[in-house]
Amino acid sequence: MVGASFALALAETPLRVALVESVAPGSQSQPSFDERTTALGNASRRIFHALGIWDRIAHEAAAIRAIHVSDAGRFGFARLDAREQGVEAFGYVVPNRVIGSALWERLAASGVALRVPANLEGIEIGADRVDITLRRGPQTAPSGAAQSAISVEHVSARLVVAADGAESRVRKAAGIDAQVRDYDQVALVANVAADRPHDGTAFERFTPSGPMAALPLHDGSYTVVWARSTSQAQKALQLDERTFLSELQRHFGWRAGRFVRAGRRAAYPLQLSRATALASSRAVLIGNAAQALHPVAGQGFNLGLRDAAVLAEILAGAGEDPGAPDALRRFAEQRAADRRGVVGFTDGLVRLFGDSRGPVRAARNLGLLLFDLMPPAKSALARISIGFGGQTPRLARGLPLL
Ligand SMILES: Cc1cc2nc3c(=O)[nH]c(=O)nc-3n(C[C@H](O)[C@H](O)[C@H](O)COP(=O)(O)OP(=O)(O)OC[C@H]3O[C@@H](n4cnc5c(N)ncnc54)[C@H](O)[C@@H]3O)c2cc1C
């Protein structure tokens, strides 16, 4: 999602851009545009608007008008209302597949050279250029008949932008390490319908077995993201629908009504992965290749999209050589504050609410109660939907790059 957004952002510039993606957009096995949904913050909405994506996805976007935060078994809870914070909504929940088809429709009509599906098989990064080997095909027609044989293609460029996810091969080829911490948790994701439609409230609930979020969907149901230990998640995947719903209800409570239906369940292992640098000679990292987060606060894609917007702006103004060291250094500097803020906030939430010791839980309960009474703290949280700092990119202000 981040790489496709970034390529589209550069489409209107004089730069020659090739986008390499190993899994075709409509494929069931596409790992980015899959069954998940993404809560887009207000900065992301503006970036998508500037890229001509928002109008194509708005019809499937559910506005988050309030956020309800609670700790299972405690009285403390906090409620944030978007209007009170002076915004129409904290964010918009959109199915990843809807985002994917809008991005690919726009890309297909753009000047970006698409290498899809094509797998990056080899990469050599030199002082002046990057040489990449791609393996393409075989491509099959809808009838199942083979349309093209396997082919190998060599591409040379001034700069390679790694948007190839947490296990980024490009990052490794660039000699950049990643610090990885396994949360020993798996995110269980399912769409769930309740016996009454939502009113635009998103729920964040911290339970002894892990945090869960229920985000409103356009059709009146919820998407539930429930972080659990690997063994609990495995068991929950096996449960029949009724037993799963009653377990969910037991942990979530009744604030959204009675859960009556659950769609297909999927599981994602969770870790925090942080590249030790954002750039090296002729290579730069964005999205999950730069940092992959726990989904508890729904910030990973939003942060990655801001990476893409800032990098696009810098490269659009970089002149002859988009891979010049000065441009890459400016990118790393401009992204530092936002990155540090979002990673620290997200990891802090997982640690604070993952601590089951009595005094910590009591302090948390008090914290939630006080938080509900303190307008400045609420406003600070509301600002997360915009980003944590650094220069706001032109695209996030709704302005074109050029
Ligand atoms: C359960 C869950 C819920 C989430 N909810 C939210 C949310 O509400 N809000 C939010 O902001 N974020 C959310 N996130 C985070 C968000 O999904 C990720 O941050 C986002 O998908 C990162 O996208 P990416 O494009 O950087 O990486 P990826 O999604 O990992 O995409 C990498 C792409 O690179 C391709 N690729 C990899 N290697 C090669 C190769 N060798 N050759 C060619 N192509 C290759 C892959 O096919 C893939 O398409 C959530 C994450 C999870 C797990």
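Right, let's walk through the structure included here. Bear in mind the structure is a predicted one, so any value in this text is a computation, not a measurement. (Residues numbered from 1 in each chain as written. Predicted model: local features only at pLDDT ≥ 70, side-chain atom pairs only at ≥ 80, totals over all residues. Heavy atoms only, no water.)

Looking only at helices and strands, the protein chain features 11 helices and 22 strands. Taking as baseline every contact in the protein chain between residues at least 6 positions apart, the subset at least 24 positions apart corresponds to 71%. Summed over all atoms, the accessible surface of the protein chain reaches about 18,500 Å², with 52% contributed by carbon and sulfur. (Helix = DSSP H or I, 4+ residues; strand = E, 2+ residues; numbered from the N terminus. Contact = heavy atoms within 4.5 Å. Areas by Shrake-Rupley, 256 points an atom, 1.4 Å probe, with all protein chains shown as cover.)

By the criterion of burial, strand β6 (residues 91-95) is predominantly enclosed, with four of the five residues buried. Relative to β6, strand β2 (residues 37-41) runs antiparallel, the two sharing five bridges. Counterpart to Thr38 in the pairing with β6 is Val94. In this structure, strand β3 (residues 62-64) lies alongside β6, joined through three bridges in antiparallel fashion. By the bridge assignment for β6, Ile64 is matched with Gly91. (Buried < 20%, exposed > 50% of the residue type's maximum accessible area, 1.4 Å probe, protein only. Pairing = 2+ DSSP bridges.)

Taken together, 29 residues form the shell around the ligand, and within it Glu21, Ser32, Ala39, Asn288 and Phe301 come nearest. One of the backbone nitrogen or oxygen atoms of Leu120 is found 3.0 Å away from a nitrogen atom of the ligand. Coverage of the ligand by the protein amounts to 88% of the 1,000 Å² it exposes when considered alone. For the shell around the ligand, the elements supplying multiple residues, two or more each, are β2, β8 (118-125), β14 (178-194) and α8 (300-316). Of the residues that constitute the shell around the ligand, the class distribution is 13 nonpolar, 13 polar and three charged. (Near = heavy atom within 4 Å. Polar contact = N/O pair within 3.5 Å; in protein donor to acceptor, adjacent residues only side chain to side chain. Nonpolar A, V, L, I, M, F, W, Y, C, P; charged D, E, K, R; others polar.)

This part takes up unusual backbone geometry. The linkage connecting Val116 with the following residue, Pro117, adopts the cis geometry, with an omega of -5 degrees. Note that Pro117 resides in the loop between β7 (113-115) and β8. Within the chain, Asp184 stands out as a residue other than glycine whose phi angle is a positive 50 degrees. Tracing the chain through its elements places Asp184 in strand β14. Of note in this structure, Arg282 is not a glycine but carries a positive phi near 65 degrees. By secondary structure assignment, the location of Arg282 is in the loop between β20 (279-280) and β21 (283-285).

To continue, consider the nonpolar core. Within soluble globular proteins, side chains that are nonpolar tend to cluster in buried spots. Judged by nonpolar contacts, the single largest core of 68 residues is most densely connected at Phe48 and Ile57. Residue contributions to this core peak at 10 residues, all from α8. Among the nonpolar cores identified, the runner-up in size contains 20 residues, and Val224, Ala233, Ala236 and Leu248 belong to it. (Core = buried A, V, L, I, M, F, W, Y, C linked by side-chain atoms within 4.5 Å.)

Turning to the sheet that holds β2, a few remarks are in order. Strand order in this open sheet of three strands is β2-β6-β3, and the pairing throughout is antiparallel. Of all strands in the sheet, those with a lone pairing partner are β2 and β3, marking the two edges. Neighbour-to-neighbour, the strand axes of this sheet turn through a mean angle of 30 degrees, independent of strand direction. (Axes fitted to C-alpha atoms, helices over the stretch in contact; angles between N-to-C directions.)

Within helix α1 (residues 2-10), nine of the nine residues are buried, which leaves it mostly tucked inside the rest of the structure. Among the residues of α1, Val2, Gly3, Ala4, Ser5, Phe6, Ala7, Leu8, Ala9 and Leu10 are the ones counted as buried.

Shape is all these values report; function is a separate question.
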